[in-house]
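Residue-level listing of the chains:
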Amino acid sequence: MALCAAPAGAEGQLRLCADPHNLPYSSESGAGFENRIMELVGKAMRVRVTPVWLPQGRGYVRKTLNAGLCDVIAGVPSDFGPVRTTMPYYRSAYVFVSRANAGEAYRTFDDPRLATAKIGVQLIGDDLAATPPGHALAARGLVDNVTGYAIYGERPQVQRMVDDVASGALDVALAWGPQAGYFASRAPVPLQVAIAEAPPELPGIPFSFSMSMGVRKGDTALLHSLDAALSKIRPAIDAILTEYRIPRVDFTSSRRAEARP
């Protein structure tokens, strides 16, 4: 398949909007699976990928893409309205993380151990909103034994949760798959990571999300070039995701993507 250089990237350059401290996605050091995937995308498009570093937060699209600071954001939900998205290149889900020596992995919200377990969940954004697993636990009356972890802290949110599972401060954590898989693989004790089966009583709340790249809504030529590159390097993308221990689910899942945790 013939691939053309991205029109939005001046002088054979594609400017990547990226967070400098957001592993496992991206890091100013060059680590991160999104950095690795974008390197391959750049080679397929025959352009040089240049990161433009800005920490993610409120107004990120406005401050980056829409301000003309950069041309593409990697790893946005496929239904993310503020941008135009490419084809999805992976799909992940919320997972349970527990110690490998603590019995079988947790997999469903019907697990009777959840009634007495010390549980950790992520909180979203500045308003500390609940994630889908938080809603599922609350729907079953599991509140008093649940600890919420805010985004901001000395270490990444999910890393703190995984560390607490490893130390025994938590029995189980419910977290977004890519972050949980990455940090669990680096824990000092063996941990097990299992996809959280969505509870049937919450059909309107998604537990899995397809992830794409986002460009400005008018950048149709760049969007087509990115789609062609992603199709060409699909096996290499899968290899990078495996290397970073990213849990994945089938693209055929009917659950829609709404927002990245």
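For the structure itself, consult the block above.
Described in the following lines is the structure provided in the data block. What you see is a predicted model; the values in this text were computed from it and never measured. (Residues numbered from 1 in each chain as written. Predicted model: local features only at pLDDT ≥ 70, side-chain atom pairs only at ≥ 80, totals over all residues. Heavy atoms only, no water.)

Check the secondary structure of the protein and you find seven helices and 13 strands. In summary, the protein has a C-alpha radius of gyration of 19 Å against a globular reference of 18 Å for 261 residues, a match within 12%. Projected onto its principal axes, the C-alpha positions of the protein cover 60 × 35 × 35 Å. For the protein, with 261 residues in total, the buried portion stands at 50%. Counting only contacts in the protein whose residues sit at least 6 apart along the sequence, the fraction spanning at least 24 positions is 78%. In the structure as shown, the protein presents an accessible area of about 11800 Å², 53% of it carried by carbon and sulfur atoms. Considering the protein, the positive charge centre built from 27 side chains and the negative charge centre built from 25 side chains are found 5 Å apart. (Helix = DSSP H or I, 4+ residues; strand = E, 2+ residues; numbered from the N terminus. Rg over C-alpha atoms; globule rule 2.2 N^0.38 Å. Buried < 20%, exposed > 50% of the residue type's maximum accessible area, 1.4 Å probe, protein only. Contact = heavy atoms within 4.5 Å. Areas by Shrake-Rupley, 256 points an atom, 1.4 Å probe, with all protein chains shown as cover. Lys, Arg positive; Asp, Glu negative; His and termini not counted. Charge placed at Lys NZ, Arg CZ, Asp CG, Glu CD.)

Before going further, it helps to examine the state of the cysteines. This model, assessed by the stated rule, comprises one disulfide. Across the disulfide, Cys17 is cross-linked to Cys70 (sulfur-sulfur distance 2.0 Å). Its S-S torsion of approximately 110 degrees makes the covalent link between Cys17 and Cys70 right-handed. Of this pair, Cys17 sits in strand 1 (residues 13-18) while Cys70 sits in the loop between helix 2 (60-63) and strand 5 (72-77); the two residues are 53 residues apart in sequence, bridging distant segments of the chain. (Disulfide = S-S within 2.5 Å.)

Moving on: the pattern of salt bridges. Side chains that differ in sign of charge can pair as their charged atoms come close. Taken as a whole, this structure holds ten salt bridges when the rule is applied. Arg216 is the partner of Asp71 in a salt bridge, and the nearest nitrogen-oxygen pair spans 3.1 Å. Taken as a pair, Asp71 in the loop between helix 2 and strand 5 and Arg216 in the loop between strand 13 (208-215) and helix 6 (220-232) lie far apart in primary sequence, 145 residues in all. Residue Asp71 is classed as buried on the basis of its relative accessible area of 0%. Taking the shortest distance from any N to any O, the salt bridge between Arg140 and Asp110 comes out at 2.3 Å. (Salt bridge = Lys/Arg side-chain N within 4 Å of Asp/Glu carboxyl O.)

Here we come to unusual backbone geometry. Put simply, Leu23 and Pro24 share a cis peptide bond, and its omega is 15 degrees. Non-glycine residue Arg46 carries a positive phi angle of around 60 degrees. Classification of Arg46 by relative accessible area gives exposed; the value is 64%. Positive phi outside glycine occurs at Arg245, with the angle close to 60 degrees. Position of Arg245 relative to the elements: it lies in the segment after helix 7 (234-243).

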